[in-house]
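Chain and residue survey
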Amino acid sequence: MNYLEMPQEELNHKVHIIMGHEPTSNIPDYCNSWVSSGPVIAEKGITITPEYDDDGNIKLWVALYAGSLCKTNNPCLSAVVVLLLEEGFKLKYH
């Protein structure tokens, strides 16, 4: 499954369920908000590190979790994707 092709609202919903919350109409924006994704990143031990271009500017954000890696220009989104790659199986019928 290519999570980067999914709507971010759906990714946010999946993370919300993985973190043990009931589905509601007010789901945090884990894909774009440090306030929302920070606790998930810390609890799960997701590593986020910048990847630099030749000029020393941040090119991409790399997230690592268990055996999964994701690179995007958004560190929160990278973290969400690796979480879903490793723990998406926990999603039942949501």
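Let me sum up the structure you'll find in this document.

About the cut-offs
Residues numbered from 1 in each chain as written. Predicted model: local features only at pLDDT ≥ 70, side-chain atom pairs only at ≥ 80, totals over all residues. Heavy atoms only, no water. Core = buried A, V, L, I, M, F, W, Y, C linked by side-chain atoms within 4.5 Å. Buried < 20%, exposed > 50% of the residue type's maximum accessible area, 1.4 Å probe, protein only. Helix = DSSP H or I, 4+ residues; strand = E, 2+ residues; numbered from the N terminus. Contact = heavy atoms within 4.5 Å. 1 Å grid on protein atoms, 1.4 Å probe; cavity = no way out; pocket = protein on both sides within 12 Å on 5 of 7 lines; lining within 4 Å. Points joined across faces, edges and corners; volume = space filled by probe spheres on them. Pairing = 2+ DSSP bridges. Axes fitted to C-alpha atoms, helices over the stretch in contact; angles between N-to-C directions. Parallel < 35°, antiparallel > 145°, perpendicular 65-115°, else oblique. Left-handed = near helix turned anticlockwise from the far one by under 90°. Nonpolar A, V, L, I, M, F, W, Y, C, P; charged D, E, K, R; others polar.

**Structural notes on the nonpolar core**
Ranked by internal contacts, the top residues of the largest apolar core, which has 21 residues, are Leu 11, Val 15, Ile 46, Val 80, Leu 83 and Leu 84. Elements supplying a minimum of two residues to this core: helix H1 (8–18), helix H2 (34–44), strand E2 (58–65) and helix H3 (75–87). Looking at which element gives the most residues to this core, the answer is H3, with seven residues. Among residues more than four places away in sequence, those in contact with Leu 83 are Val 15, Ile 18, Val 40, Lys 44, Ile 46, Tyr 65 and Gly 88.

**Points about empty space enclosed by the protein**
Inspection of the entire model under this criterion finds one cavity of 30 Å³ or more. When its volume is computed, the largest cavity comes out at roughly 40 Å³. In terms of lining residues, the largest cavity is bounded by Val 15, Tyr 30, Ser 37, Val 40, Ile 41, Ile 46, Ala 79, Val 80 and Leu 83. Mapped onto the lining of the largest cavity, the elements with two or more residues apiece are H2 and H3.

**A look at the sheet that holds E2**
The strand order E1-E2-E3 describes an open sheet built from three strands, whose pairing is antiparallel. Both outer strands of the open sheet, strand E1 (47–52) and strand E3 (68–72), are each paired with one neighbouring strand and no more. Taking the axes of each pair of neighbouring strands and ignoring which way they run, one obtains an average angle of 25° across the sheet. Relative to E3, E2 runs antiparallel, the two being bridged by five bridges. Residue Leu 64 lies in a different strand from E3, and its bridge partner there is Leu 69. Taken strand by strand, H3 contacts E1, E2 and E3, and its axis lies near 155° from that of E3.

**Observations concerning H1**
Among the residues of H1, Leu 11, Asn 12, Lys 14, Val 15, His 16, Ile 17 and Ile 18 are the ones counted as buried. Each element contacted by the buried residues of H1 is listed here: H2 and H3. Gly 20 sits one or two residues past H1 and shows a positive phi near 90°.

**A word on the packing of H1 against H3**
Helix-helix packing is described using two parameters, namely the angle between the two axes and the distance between the axes. It is the contact of H1 with H3, at a shortest axis distance of 10 Å, that shows an interaxial angle of 55°. The orientation of H1 relative to H3 falls into the category oblique. Two packed elements cross with a definite hand, and for H1 against H3 that hand is left-handed. Contacts from Gln 8, Leu 11, Lys 14, Val 15 and Ile 18 of H1 reach H3 at Leu 77, Val 80, Leu 83, Leu 84 and Glu 87. Grouping the constituent residues of the contact of H1 with H3 by class yields seven nonpolar, one polar and two charged.

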